[in-house]
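A closer look at the structure
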Amino acid sequence: MASLVATWRDALRAAPTMLKIGLAETVAYRFEFVVWMLTTTLPLIMLGLWTSVAAEAPFAQYGQREFIAYYVAALVVRNLTGSWVVWQMSDEVRRGMLSFRLLRPVHPFFTYAATHLSSVPMRGLVAFPFAAVLLATSAREIIVTDPVMLAILAASLLGAWIITFFMLVAIGSVSLFVDKSHAVFGVYMGIFAVMSGYLVPLSFLPGWAQSIAEWAPFRYMLAFPVELSIGMAGDRGDALIDLGRQWVWATVVVIGALGVWRAGIRRYEAFGA
């Protein structure tokens, strides 16, 4: 217990410095950052497709206005909660740079998190014009304005970031066992795209798939905050229940990522790292 308290104390002391370094890295490698941002534009493609469909007649409960709100909100949420830590970890393991990170007094999870959190303001700047689109079109009429729901939305964005980050940390830790974890990441992205609502709203899925998505973590990584932002998450009570489920998943994913990391790092050190 004492060591855990000391670890958190050291991390909090180092947090300002780590965030500054992370921001400097984002600015220094801005081209790579922009390329990563461009990989999150799939909602714009789906927006063009579905608004064309809805031009003829509404599809399910979605008209053009609802499709605009959904996919622009999905783009904003994805930009604010996304992470590329799996690539960072895989590259550091492959090149042996993880050994230097392990020598630092702060746990690698804290330094990884600081790097990715420090990029959120820049991602916010990129996402802001898309958010402005919502306010400049008829879609603004369905954007949530209830202060309580906005507070739940803020908590859901943090929960989505935690689940996404630690899910990718767990996949990145797989590179401690195999040469590359990219294959696992590819499978994950395929499941995520469908079960998170990234490709289409979850209500478009077959009934059995909706039931799985309702309880799987992927919905809480994207669809839940998106539905909250456009007033499709039910009333306050429903939203609070879903928020509780999200944070249960956040706890489970953090514990799971720590378990995979610890098992992998023992193997890594056994080979003389």
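Shown above is the structure to which this text applies.
Reference entry: report on the structure contained in this document. Computed from a predicted structure; not experimentally measured. (Residues numbered from 1 in each chain as written. Predicted model: local features only at pLDDT ≥ 70, side-chain atom pairs only at ≥ 80, totals over all residues. Heavy atoms only, no water.)

**Details of a nonpolar patch on the surface**
Note the cut-off: To count toward a patch, a residue needs a relative accessible area over 30% and no salt bridge; like charges are then connected within 9 Å, while nonpolar side chains (Val, Leu, Ile, Met, Phe, Trp, Tyr) are connected within 5 Å. The method behind every accessible area is Shrake-Rupley, applied with a 1.4 Å probe, and residues are considered shielded solely by the protein chains displayed. Any carboxyl oxygen of Asp or Glu within 4 Å of a side-chain nitrogen of Lys or Arg constitutes a salt bridge here. Helix and strand definitions follow DSSP, with helices as H or I runs of at least four residues and strands as E runs of at least two, each counted in order from the N terminus. In this scheme, a residue with accessible area under 20% of its type's maximum is buried, one over 50% is exposed, and one in between is partly exposed, where area comes from a 1.4 Å probe on protein chains only.
A cluster of nonpolar residues, Leu49, Val53 and Phe59, forms a patch on the protein surface that exposes about 230 Å² of accessible area. In this structure, Val53 sits in helix 3 (residues 42-56). Residue class for Val53 comes out partly exposed when judged on its relative accessible area of 34%.

**Some details on the nonpolar core**
Rule in force here: For the purposes of this section, nonpolar cores are sets of buried Ala, Val, Leu, Ile, Met, Phe, Trp, Tyr and Cys residues that join through side-chain atoms within 4.5 Å. The contact definition used throughout considers only heavy atoms, calling two residues in contact when any of these lie within 4.5 Å.
Core analysis: the largest hydrophobic core is formed by 68 residues, its most contacted members being Tyr71, Leu98, Phe165, Tyr188, Val226 and Leu228. Looking at which element gives the most residues to this core, the answer is helix 9 (residues 147-173), with 13 residues. Leave out the neighbours within four places in its chain, and Tyr71 touches Pro43, Met46, Leu47, Trp50, Tyr198, Leu199, Val200 and Pro201.

**Focus on the packing of aromatic side chains**
How we decide: Stacked, tilted and edge-to-face are the three classes applied to pairs of Phe, Tyr and Trp rings, where Trp contributes its six-membered ring and a pair requires centres within 6.5 Å; stacked means planes under 30 degrees apart, edge-to-face means over 60, and tilted covers the rest. Any Lys NZ or Arg CZ found within 6 Å of a ring centre and within 35 degrees of that ring's normal is scored as a charge over the ring.
Going through the model one piece at a time under the given rule, you end up with 16 aromatic pairs. When the centroid spacing of 5.1 Å and the interplanar angle of 90 degrees are considered together, the rings of Phe165 and Phe166 count as edge-to-face. Grouping residues by exposure puts Phe165 and Phe166 together as buried. Here a set of aromatic residues connected by ring pairs shows up, and it is made of Trp87, Phe185, Tyr188, Phe192, Tyr198 and Phe218. Lying across the ring of Tyr198, Arg78 places its NZ or CZ 5.5 Å from the centre. Just above the ring of Trp215 sits the side chain of Arg245; from NZ or CZ to the centre is 4.2 Å.

**Some points on helix 4 (residues 64-81)**
Put simply, the test is: Multiplying 1.5 Å by the residue count of a helix minus one yields the expected span of that helix.
Here helix 4 is 18 residues long and its end C-alpha atoms lie 26 Å apart, about the 26 Å a rise of 1.5 Å per residue gives. Counting buried residues along helix 4, 14 of its 18 residues qualify, which places the element largely inside the surrounding structure.

**With respect to the pattern of salt bridges**
Summed over all chains, the structure comprises 10 salt bridges. Between Glu214 and Arg245 there is a salt bridge whose closest N-O contact spans 3.1 Å. You can see Glu214 sitting in helix 11 (residues 207-215) and its partner Arg245 sitting in helix 13 (residues 236-270), a full 31 residues away along the chain. Using a relative accessible area of 24% as the deciding quantity, one classes Arg245 as partly exposed. A network of salt bridges, in which partner residues are shared, links Glu214, Arg219, Glu227, Asp242 and Arg245.

**Here we look at the environment of Leu158**
Checked against the element boundaries, Leu158 lands in helix 9. As for Leu158 and Thr81, which are separated by 77 residues in sequence, their C-alpha atoms are 7.7 Å apart.

**Observations concerning the side chain of Gln246**
Test applied: Here a polar contact is taken to be a pair of N or O atoms separated by no more than 3.5 Å, where protein atoms must pair a possible hydrogen donor with a possible acceptor and residues adjacent in sequence count only if both atoms sit in side chains.
For Gln246, the location among the structural elements is in helix 13. The buried category is assigned to Gln246, whose relative accessible area is 0%. At 2.8 Å, the side chain of Gln246 forms a polar contact with the backbone oxygen of Ser156. Ignoring sequence-local partners within four residues, the contact set of Gln246 consists of Ala155, Ser156, Gly159, Ala160, Ile163, Tyr220 and Phe224.

**Overview of helix 10 (residues 182-195)**
Taking 1.5 Å of rise per residue, 14 residues should cover 20 Å, and helix 10 covers 20 Å from first to last C-alpha, within 8% of that figure. Of the positions making up helix 10, those classed as buried are Phe185, Tyr188, Phe192, Ala193 and Met195. On its buried face, helix 10 is in contact with helix 4, helix 5 (85-95), helix 9 and helix 11. Looking one or two residues beyond helix 10, the residue adopting positive phi is Gly197, at roughly 85 degrees.

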